[in-house]
Amino acid sequence: MSIKKILGLLISVLSLMIVVEATSVFAATVVTYPSLPNAVKSPLYTVTANGTSLFVEKLTKYSPEMQVHYAHCSLSGTGTVNLTVTCNESFTSYKLSPKSRNISSSKSGNMVSFASGPNYLVFQPDSKELLFIFIDSEEVDPPKLGDSNVKNIIDYGVDNTGATLVTSKVQSAINAASGATQNILYFPAGKYKVGELWLKSNMTLYLAGGAILYGSDNTADFNTGSGGVNIEGCSHGMIRMYKINNTKILGRGVIDGNGKLIRSKNDTKINLLKIEQSSNILVDGIIVRDSSFWNTLPYRSDKVTIKNYKMINCKPNTSYNNTDGVDFDESTNGYLYNAFLYTGDDSMAVKNEYTDSGTINIKNIVQEKIVMYSGSAGCKIGTKTMGSSMDGVVFKDSDVVKAGRALVIDAYDTAVISNTRFENVRIEASDSLVNLEEANPPSWRTCANQCIIKDTYFTNIYSYVKKVISLNGRNSTYNINGVHFSNFSVLGNPVTSKTDADANWNINSYVSNITFSSVSATPTPTPTPTSTPKPTSTPTSTPTSTPKPTSTPTSTSVSTATPSVSIDLNHDGVINIADIVILASVFNSVPGDSKYVKVYDLNSDGAINMADVIIVANNFNKTVFL
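One structure accompanies this document, and this report is about it. Residues take numbers from 1 onward in each chain, read along the sequence in its written order. Thresholds applied to this predicted model are a pLDDT of at least 70 for local features of residues and 80 or more for the giving and counting of side-chain atom pairs; totals over whole chains, interfaces and linings are not thresholded and use all residues. Only hydrogens and water are set aside when side-chain values are computed; all heavy atoms of the structure are taken into account.

A few words on the overall build of the chain. Under the scheme used here, helices are H or I runs from DSSP no shorter than 4 residues and strands are E runs no shorter than 2 residues, and both carry numbers assigned from the N terminus. Summing up its helical and strand segments, the chain has 5 helices and 39 strands in all. Out of the 626 residues belonging to the chain, those deemed buried represent 58%. We call two residues in contact whenever any of their non-hydrogen atoms come within 4.5 Å of each other. The long-range fraction of contacts in the chain, counting pairs at least 24 apart against all pairs at least 6 apart in sequence, stands at 76%. In short, Shrake-Rupley with a 1.4 Å probe defines the accessible areas, and a residue's cover is counted only from the protein chains shown. Only carbon and sulfur atoms are counted for the fraction: they give 50% of the accessible area of the chain, which is about 22,600 Å². Accessible area is worked out with a 1.4 Å probe on protein chains only. A residue is then buried under 20% of its type maximum, exposed over 50%, and partly exposed in between.

Spelled out as C-alpha cells, the structure:
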C-alpha cells in the first residue's frame, strides 16, 4: 500500500478515533484481583479506580521499618481511569511520584483525585507511610484453566491455604510440566507455602491474581538441591532456574520470600529468584516481595527478559540490608522493562563476579522504564567489576524517586567499563547525582583496583535536586576517559561545563575528555506504555534502542525531533493503529493543555496535530526492536 493510501486511511481512522475518544468508548476497564490470604487491610488508605474499590494491603511484617501499603489492579482496553486515594488521617500536602508522569491531581479534604493509565506510582501525604499504586496493562492472552496446555496445581493435591508445606508436591508438578503437552502449571488464587523450588526447561509457571507463593519459616526448607554459585554466603534461592532454557514465570500473582524472618535467623541469605547459566527466560507481570538477600539475580545467563515487575523489599529506615533489586551478573543480552523497585539496597547493580572461575563478561544489558525507591544506589554498575570488560550497559527512561546515589559506576577490580549509557533519567531525591569512582575501594573485600572507565554517556538527565557530581579516577593508568553530558540539567538549569555553578562538582586529575552539549530544561514525561514489548525484543547484539554514536557529542544543539523520540507510542513492537489511538487521545493539544504529552509531539513543533500523523504514516507497519 502506498504512503498516500496509508495516510488517507489513517486520517479517516483518526477522525473516527477522535469522535470515539471524546465519547469515552475507549475508556479503560478496571480489573481487580482477590485479596491475598491473610493479607492485612490498610487502616490508613483506601483507593478506588473508576469507583471500584481496590484492596490496599499493609505489609505489617516489615515493622519496625517504615510501613508500606499497596494496591494493585490492571486495565482492560486503552485510556485512563479516575482514581481516588483517601487517607484516614488529615494531611496538608502530598507527593505523587514519579513527577515526570505530569499527573494533574486535586485535593479535597483527605481525598486526592487524579487520572492515570498503566503506571507504577508512589503516594505520600506529608511524611506518612508510603502507598504504592500498581496499575498494570491488560494481560495478553493469559492461560486459562481448561486450556489443553494448562495443568492445575490443585490436581496434585496441593494445599492452597498456606497451612502446610507443599514444596515436594509442587516440585513434582514442575518436573511433570517440563516439555509436556500441559507445560503451563497454573496456580489459582490461594497461598502456597514452599521452600526452594527448581523450575525446568520448556515450561511456564503461571500465578493468577490472588495467588501467592510464600516462603517457609524454616531455613532448612531452602536446601532442596545443589549446584550454582555461592555469592557472599548465599548459595540458595526460593525460585531456582539452573541450567535451563525456554522457561517463563507469568501472571499477576505474588512471590514472597518471607525474607525478614529468614534473615533474622543467623543472617541467612536466600535469593528470591535465582537464574543461573540459563537462556531464553521470561518473567512477566508478577509482584515479588520480601527477599532476605538480593532479590533477583540473573547470573551467567543469556536473553533474560523481566518486565512489568513490581518489587517490595523490606527497606531499613537507615543504612541498608543487602536486599538489592535486580542484579544482572556476568550475563549477556538482558532486558529489564517497566519495573518498580523498592529496595533495602541497590535498585539495580550490574556486576562481573569471579575471575577465579572464568568470568563471563557483561554485555548488552538494557534496563528501561524503571521506578526506583532506595536509600542506596539507583542505577549502578559494580561494586564487583572483575573480568576484562563490561560493555553496553544501558539505564534509560527511568525515575529515581529516592536514592542515596542516583547514577553510579563503582569500578574497583579489573574490567574496562565502556559505552555505559544513562538516558532520559529523572532524579527526584538523592544524596548525589553521579558517582564514577575508582579511588575509594570497599574495605569489606580485596580489590585489584585496576579498572578503566571509558566513554560514559549522560543524556537527557533532569534532576530536581542540586547534589554532587563526583568523577574520581585512581591514577594515570587506571583512569576515567570520556564522560559525555548531553542535555543534563539541575533544577531546570543547563549544566554546560565542569565549572558550572548549577551543579556541585568533585573531579580529580585522573579524569579526561569531559564534554557537554545543549540542555533542555524540561524533563521528558514518560507515561507507562499500555502494552509491553514482546520477548523477542530482548537485545541480542548491541541494543538497537541505544546505538553507539558515530562521534562524541559536541556543543552543537541536539534536536528533539524525530527520530530521537519513539514513534511506537505504546511500545508493543510495531507501529500500527494502536499508536493512532494514542495520538487521537491527545490530538490538537499544545503545551499547557492537560492532555498534552511531549513525547507524543513527534516532530517537537509544540502541537500534536496532523504532522505527527504523517510521521506515523511514513513508518506504518514497521517493526520496532526495543
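Here the narrative resumes, following the displayed structure.
Pairing between two strands is assigned when DSSP locates at least 2 bridges connecting them. With 10 bridges connecting them, strand β32 (residues 416-427) and strand β34 (residues 452-463) associate as parallel partners. Across the sheet, the residue bridging to V425 is I461, located in β34. Across 9 bridges, β34 lies against strand β36 (residues 480-490) in parallel orientation. Looking at β36, one finds that Y462 is bridged to S489.

All right, on to the packing of aromatic side chains then. Any aromatic ring pair is given by two values, namely how distant the centres are and how the planes are angled relative to each other. Aromatic contacts are taken between Phe, Tyr and Trp rings whose centres are within 6.5 Å, Trp giving its six-membered ring; a plane angle under 30 degrees counts as stacked, one over 60 as edge-to-face, and the others as tilted. For the structure on display, the rule yields 25 aromatic pairs. With 5.7 Å between their ring centres and 40° between their planes, Y335 and Y337 make a pair best called tilted. With relative accessibility at 1%, the residue Y335 sits in the buried group. Clustering of aromatic rings is evident, with ring pairs tying together Y70, Y120, F132, F134, F340, Y342 and Y373.

Looking now at helix α2 (residues 167-177). Along an α-helix, residues three or four positions apart point the same way, because every turn accommodates 3.6 residues. Buried within α2 we find T167, V170, Q171, A173, I174 and A177. The arc that holds every buried residue of α2, seen down its axis, measures 160°, which confines them to one face. In this structure, the buried side of α2 is in contact with β13 (161-165), β14 (184-187), β15 (190-194), β16 (197-198) and β17 (203-207). At the exit of α2 stands G179, carrying a positive phi of roughly 70°. Note that the arc is defined by the directions from the helix axis to the C-beta atoms.

Time to look at the environment of V166. Topologically, V166 is positioned in the loop between β13 and α2. Sequence separation between V166 and G195 is 29 residues, and the spatial gap between their C-alpha atoms is 8.2 Å. In contact with V166, other than residues within four places in its own chain, are V158, D159, Y192, K193 and V194.

Here T323 is to be found in the loop between β26 (302-312) and β27 (332-343). For the pair formed by T323 and L272, sequence separation is 51 residues and the distance between their alpha carbons is 9.9 Å. Ignoring sequence-local partners within four residues, the contact set of T323 consists of R263, S291, S292, F293, W294, N313, C314, T343, G344 and D345. Within 3.5 Å is the distance limit for a polar contact, defined as a pair of N or O atoms, with the added protein rule that one can donate a hydrogen and the other accept it, and that residues adjacent in sequence qualify only through two side-chain atoms. Reaching out from T323, the side chain makes a polar contact with the side chain of N321 at a distance of 2.6 Å. Within polar-contact distance, the side chain of T323 engages the backbone nitrogen of G344 at 2.9 Å.

Right, let's get into unusual backbone geometry. The amide bond that connects S63 to the next residue, P64, takes the cis arrangement and shows omega of 10°. Following the sequence through the fold, P64 ends up in the loop between β4 (56-58) and β5 (68-76). A cis amide bond links G382 with the next residue in sequence, T383, at an omega value of 5°. Tracing the sequence through the fold places T383 in strand β30 (residues 377-385). The backbone of D141 shows a phi angle near 45°, a positive value even though the residue is not glycine. Its location among the elements puts D141 in the loop between β11 (130-137) and β12 (150-152).

Moving on: the sheet that holds strand β25 (residues 296-299). With parallel pairing, 4 strands are arranged side by side in an open sheet as β16-β19-β22-β25. Here the strands that pair on one side only, and so sit at the sheet edges, are β16 and β25. Judged from the 2 bridges that link them, β16 and strand β19 (residues 236-242) form a sheet pairing that is parallel. Bridging across to β19, W198 finds its partner in R240.

Turning our eyes to something else, we now look at the nonpolar core. Formed by 85 residues in total, the largest nonpolar core has its most connected members in F187, Y309, L407, F458 and F488. Examining the composition of this core, we find that 8 residues originate from one element, strand β31 (residues 389-410), more than from any other. Leave out the neighbours within four places in its chain, and L407 touches C379, F422, V425, I427, L433, V434, N435, F458 and I461. Throughout, nonpolar core names a set of buried Ala, Val, Leu, Ile, Met, Phe, Trp, Tyr and Cys residues whose side chains join them through atoms within 4.5 Å. Listed in part, the 24 residues of the second largest apolar core include L44, L54, V81 and L121.

The salt bridge criterion pairs a side-chain nitrogen of Lys or Arg with a carboxyl oxygen of Asp or Glu, the two atoms within 4 Å. Tallied over the full model, the rule gives 24 salt bridges. For R289, the salt bridge is made with E57, and the minimal N-O distance between the two is 3.1 Å. Residue R289 is found in strand β24 (residues 287-289), and its partner E57 is found in strand β4; the two are separated by 232 residues along the sequence. Summarising the burial analysis for this pair, R289 and E57 share the class buried. Salt-bridge contacts for E232 lead to K384; the nearest nitrogen and oxygen are separated by 2.9 Å. You can see E232 sitting in the loop between β18 (211-215) and β19 and its partner K384 sitting in strand β30, a full 152 residues away along the chain.

Remember that the coordinates give geometry; whether it matters functionally is a separate question.
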